[in-house]
2 protein chains.
Amino acid sequence: MPDKVLIYSRFPKAQLVRFSERYELLNAAGKRPNEAYSAAELADVRAMIAAGGAPLGGEAMDMLPKLGAIVCYGTGYDGVDLAATAKRGIAVGHSPGANAASVADIAVTLMLAAVRRLLVVDNYVRSGDWAGRMPSPMMRPQAGMRGRRVGVYGMGEIGRKIAARVAAFETEVGYFSRTKYDLPYQYLPSLEALADWCSVLMVAVRAGPETNQMVDADILRRIGGDGFVVNISRGSVVDETALVQALTDQTIAGAGLDVFAEEPHAPDALTALPNVVLSPHLGGHTLDSHVAMQDCVLANLDAFFAGKPLPYQVKGA
Amino acid sequence: MPDKVLIYSRFPKAQLVRFSERYELLNAAGKRPNEAYSAAELADVRAMIAAGGAPLGGEAMDMLPKLGAIVCYGTGYDGVDLAATAKRGIAVGHSPGANAASVADIAVTLMLAAVRRLLVVDNYVRSGDWAGRMPSPMMRPQAGMRGRRVGVYGMGEIGRKIAARVAAFETEVGYFSRTKYDLPYQYLPSLEALADWCSVLMVAVRAGPETNQMVDADILRRIGGDGFVVNISRGSVVDETALVQALTDQTIAGAGLDVFAEEPHAPDALTALPNVVLSPHLGGHTLDSHVAMQDCVLANLDAFFAGKPLPYQVKGA
């Protein structure tokens, strides 16, 4: 009999195929486990797969009395109450770095599209306005990338990959993270200092209580009127109301966002703006990322059921 | 008395300010010189500034009997009839490399936006469809950049800058150009071989008779169904009809285009497609590019009027 694994969050079926080949899946698909399954069915489930951003507290854990491992699909685990898992002796795994290249790619895609006003100029061509007789203000030259100071907030695997990509655009790269690393980028001692220094802020820091709402009205003001914010981390890191305000009154020039405060929604005040580029949290959502994330999930599950430590265990969990 | 310079093409006034500070400008603004000015006014004009892509043949040159220098604003000079200038002893200058960083940036912007379907996903967020109950086919994972083979056609200053940027995205970079250089990228011996090898073709070759319509139906078929074409060179290098067909029947997956066969128009068949990203020939159109291009124009003019060779002379012209 294959071991049972609860699917806690809602995943597209295609993403579960490889897990179902090795495990018996109980797919709660985003419902509370005890609404999707009876207590008897949940009684002997020892592991679950969750989307790391979905809230997962002690109450849900207690619906599975034998739960020993929560394996997050993806790098994030900010939804998991780590105090609750620690108290219960539940191991927490994730997929570190598996989607870092894809997320860094979307960060740079959003940055370039915002700086070069891609949505606006594409529409200018498609509408036929380009062929109009009068030169349009649209065609006024804008500041490009060369010589810009790009600040990366957070220097984990994604932050490093963002920095490596951005540096290729003849920019200066700086960063702020809790730790100063031996990296060829300028270290700024605080987020405030980074925001003062840069004209593009790439938010790549891990979400959590320490980073909640850190990019606020003050930080946006420091980035300034020729500045851009790109967020591929979590919506919670940015004060979304302050961001909408800063974009509306042009405290900053634009933004590129893959993540939002309340997904899968982007507020109307944001979607109405011409100076933003939006994507539906698909940064890590490429074929090769999914294969790599599934590799991590399977490695974590296989180790757990073999009685071994998780190879991709969340630090401190 | 300042020397007289004819402005042959239509330029935004802001781009002429620095020239007008040093020269007396006769601004034909895209009209034929003898329609804009009398023969007497043109009789002693010795230099002109032109957009390199605009047709400029012997007939127009002969309207200025003392013409000694054609200075192109930008890197391109494909509109200038070099046989006609050679016959008349007219020097031809341009602005090599001045806009290379900006053009390479737009190439990568278009590549990433096409591969990650940025316009479609932005619309998916803005329309509110993301919040719909059913997972959308929109959210099916796609192939990303990592591990892709990106082929660069043309290895001049722009091609090199494209290659350096693209390599940062964990891709393999190959190229074809007439000359094999000492560069850390794979050299393919023909455009056909490059198209067979790559799944993204970046067209960065100089426009001219040798490269006219080189990217045709056969090349597109070789790039294949998961492949993309990005053109930031000139519309003439790509068979636009074949490209529209290949995009429509999904012989290739998508395209990013900054240049078109008949600017400032993009054909309706192209603007109706969802799998293209379009920009209105603004690759080199950033503030710092314009400063650098104007520096080259002024250096060429100043040298010419001082009786010296042009510092940025077109090779072979």
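Residues numbered from 1 in each chain as written. Chains lettered and ligands numbered in written order. Predicted model: local features only at pLDDT ≥ 70, side-chain atom pairs only at ≥ 80, totals over all residues. Heavy atoms only, no water.

So, the side chain of S233 of chain B
Residues and elements named next belong to chain B. Relative to the helices and strands, S233 is located in the loop between β10 (228-231) and α11 (240-248). Under the relative-accessibility criterion, S233 is labelled buried at 11%. Not counting residues up to four positions away in its chain, the partners in contact with S233 are V203, A204, V205, R206, A207 and V259. (Helix = DSSP H or I, 4+ residues; strand = E, 2+ residues; numbered from the N terminus. Buried < 20%, exposed > 50% of the residue type's maximum accessible area, 1.4 Å probe, protein only. Contact = heavy atoms within 4.5 Å.)

Remarks on unusual backbone geometry
Residue E263 of chain A is joined to P264 of chain A through a cis peptide bond whose omega torsion reads 5 degrees. Tracing the backbone through its elements, the reader meets P264 of chain A in the loop between β11 (254-257) and α12 (268-271).

Notes on the sheet that holds strand β4 (residues 69-73) of chain A
Note: strands within a sheet are paired through backbone hydrogen bonds, in either parallel or antiparallel orientation. All names here are of chain A. The five strands lie next to each other as β2-β1-β3-β4-β5, forming an open sheet whose pairing is parallel. Looking at strand neighbours, the two that pair on one side only are β2 (24-27) and β5 (91-93), the edges of this open sheet. Going from strand to strand, the sheet's axes swing by 25 degrees on average, the running direction of each strand aside. Inspection of the sheet shows strand β1 (residues 4-7) paired to strand β3 (residues 47-51) by three bridges, in the parallel sense. Residue pairing in the sheet places I7 in a bridge with I49 of β3. In this fold helix α13 (residues 287-305) packs onto β1, β3, β4 and β5, with an angle of close to 170 degrees to the strand it touches most, β4. (Pairing = 2+ DSSP bridges. Axes fitted to C-alpha atoms, helices over the stretch in contact; angles between N-to-C directions.)

Digging into the relation of the copies chain B and chain A
Its rotation angle being 180 degrees, the transformation that places chain B on chain A also includes 0.0 Å of axial translation and leaves an RMSD of 0.0 Å. Seen this way, the second copy is the image of the first under a two-fold rotation axis. Interface overlap between copies is the fraction of interface residues in one copy that are interface residues in the other; for chain B against chain A it reaches 100%, indicating a shared surface. (Least-squares fit on C-alpha atoms with pLDDT ≥ 70 in both.)

Here we look at the sheet that holds β11 of chain A
All names here are of chain A. Reading across from one edge, β8-β7-β6-β9-β10-β11-β12 is the order of the seven strands in this open sheet, with parallel pairing throughout. With partners counted over all chains shown, the strands left at the sheet margins are β8 (186-187) and β12 (276-278), one partner each. Here helix α6 (residues 100-115) sits on the sheet in contact with β9 (200-203), β10 (228-231), β11 and β12, set at roughly 155 degrees to β10.

Brief notes about the pattern of salt bridges
Scanning the model with the defined rule gives 34 salt bridges over all chains in all. Measuring nitrogen to oxygen at the nearest pair gives 2.8 Å for the salt bridge that ties D288 of chain A to R146 of chain B. Separated into two different chains, D288 of chain A in helix α13 and R146 of chain B in the loop between α7 (118-126) and β6 (149-153) make up a pair that spans both. D78 of chain B is the salt-bridge partner of R234 of chain B, the closest N and O atoms lying 2.8 Å from each other. Taken together, the residues R234 of chain B in the loop between β10 and α11 and D78 of chain B in the loop between β4 (69-73) and α5 (82-88) connect sequence positions 156 residues apart. Each member of the salt-bridge network shares a partner with another, and the members are D105, K161 and R165 of chain A together with E170 of chain B. (Salt bridge = Lys/Arg side-chain N within 4 Å of Asp/Glu carboxyl O.)

Concerning helix α8 (residues 157-167) of chain A
Residues and elements named next belong to chain A. Residues of α8 that are buried include every one of I158, G159, I162, A163, R165 and V166, and no others. One side of α8 carries all its buried residues, which in axial view fall inside an arc of 165 degrees. Lining the buried residues of α8 we find α6, β6 (149-153), β7 (172-176) and β9. (Arc of directions from axis to C-beta.)

Quick word on the packing of aromatic side chains
Tallied over the full model, the rule gives 17 aromatic pairs over all chains. When the ring of Y23 of chain A is compared with that of F305 of chain A, the centres are 5.3 Å apart and the planes differ by 35 degrees; the resulting orientation is tilted. Of this pair, Y23 of chain A sits in the loop between α1 (17-20) and β2 while F305 of chain A sits in helix α13; the two residues are 282 residues apart in sequence, bridging distant segments of the chain. Note on accessibility: Y23 of chain A and F305 of chain A belong to one class, buried. Aromatic side chains W130 of chain A and F260 of chain B sit 5.6 Å apart centroid to centroid with 65 degrees between the ring planes, which places their arrangement in the edge-to-face category. In this pair, W130 of chain A sits in the loop between α7 (118-126) and β6 while F260 of chain B sits in the loop between β11 (254-257) and α12 (268-271), so the two residues belong to two different chains. No difference in accessibility class separates W130 of chain A from F260 of chain B, as the two residues are buried. One aromatic cluster is present, built from ring pairs that chain together Y153, Y175, F176 and Y187 of chain A. (Phe/Tyr/Trp six-rings, centres within 6.5 Å; stacked < 30°, edge-to-face > 60°.)

Quick look at the domain arrangement of chain A
All names here are of chain A. Considered domain by domain, chain A is made up of domain 1 (4-98 + 287-305) and domain 2 (100-278). Contacts between the two partners involve 12 residues from domain 1 and, on the opposite side, seven residues from domain 2. Counting each side, the surface lost to burial between domain 1 and domain 2 is near 660 Å², with a carbon and sulfur contribution of 39%. Looking at the side of domain 1 that touches domain 2 residue by residue, the classes come out as three nonpolar, seven polar and two charged. (Domains from an automatic or database assignment. Buried area = accessible area lost by both parts, 1.4 Å probe. Nonpolar A, V, L, I, M, F, W, Y, C, P; charged D, E, K, R; others polar.)

Details of the interface of chain B and chain A
A common measure of how large an interface is: the accessible area buried when the components associate. Listed by partner, the interface residues are 58 residues for chain B and 58 residues for chain A. With both chains or domains summed, chain B and chain A bury close to 5,200 Å², and 61% of this area falls on carbon and sulfur atoms. Summed over the three residues of chain B that lose the most area to chain A, namely R116, R126 and W130 of chain B, the buried surface amounts to 15% of that side. For the pair chain B and chain A, the number of links is six salt bridges. On inspection of chain B and its partner chain A, the count reaches 24 residue pairs in polar contact (both at pLDDT 80 or more). Of all the elements in the fold, those that place two or more residues in the side of chain B that touches chain A are α6 (100-115), α7, α8 (157-167), α12, β12 (276-278) and α13 (287-305) of chain B. Considering only residue class, the side of chain B that touches chain A consists of 32 nonpolar, 13 polar and 13 charged. (Polar contact = N/O pair within 3.5 Å; in protein donor to acceptor, adjacent residues only side chain to side chain.)

Considering the environment of R222 of chain B
Residues and elements named next belong to chain B. Along the chain, R222 falls in helix α10 (residues 217-223). When the C-alpha atoms of R222 and S199 are compared, they prove to be 9.0 Å apart, with 23 residues separating the residues in sequence. With near-sequence residues (within four places) excluded, R222 lies in contact with E192, A195 and D196. Within the local environment of R222, its side chain forms a polar contact with the side chain of D218, the two groups lying 2.9 Å apart.

Describing α7 of chain B
Among the residues of α7 of chain B, L118, L119, V121, D122, Y124 and V125 of chain B are the ones counted as buried. Where α7 of chain B is buried, its residues touch α6, α7, α12 and β12 of chain A together with α6 and β12 of chain B. One or two residues past the end of α7 of chain B sits G128 of chain B, with phi positive at roughly 85 degrees.

Observations regarding the state of the cysteines
Residue and element names in this part refer to chain B. If you walk through the whole model with that rule in mind, you get zero disulfides over all chains. Summary of cysteine pairing: C72 is not part of a disulfide, and the nearest cysteine sulfur, belonging to C296, is at 12 Å. Under the relative-accessibility criterion, C72 is labelled buried at 0%. (Disulfide = S-S within 2.5 Å.)

As for the packing of α6 of chain A against α8 of chain A
All names here are of chain A. Two elements in contact, α6 and α8, have axes whose closest approach is 8 Å; the angle formed by their N-to-C orientations is 50 degrees. Classified by the angle their axes make, α6 and α8 are oblique. Pair α6 / α8 crosses with right-handed handedness. In this structure, α6 uses A100, A101, V103, A104, D105, A107, V108 and M111 to contact α8, whose residues at the interface are E157, I158, K161, I162, R165 and V166. Each residue belonging to the contact of α6 with α8 can be placed in one class, and the counts come to 10 nonpolar, no polar and four charged. (Parallel < 35°, antiparallel > 145°, perpendicular 65-115°, else oblique. Left-handed = near helix turned anticlockwise from the far one by under 90°.)

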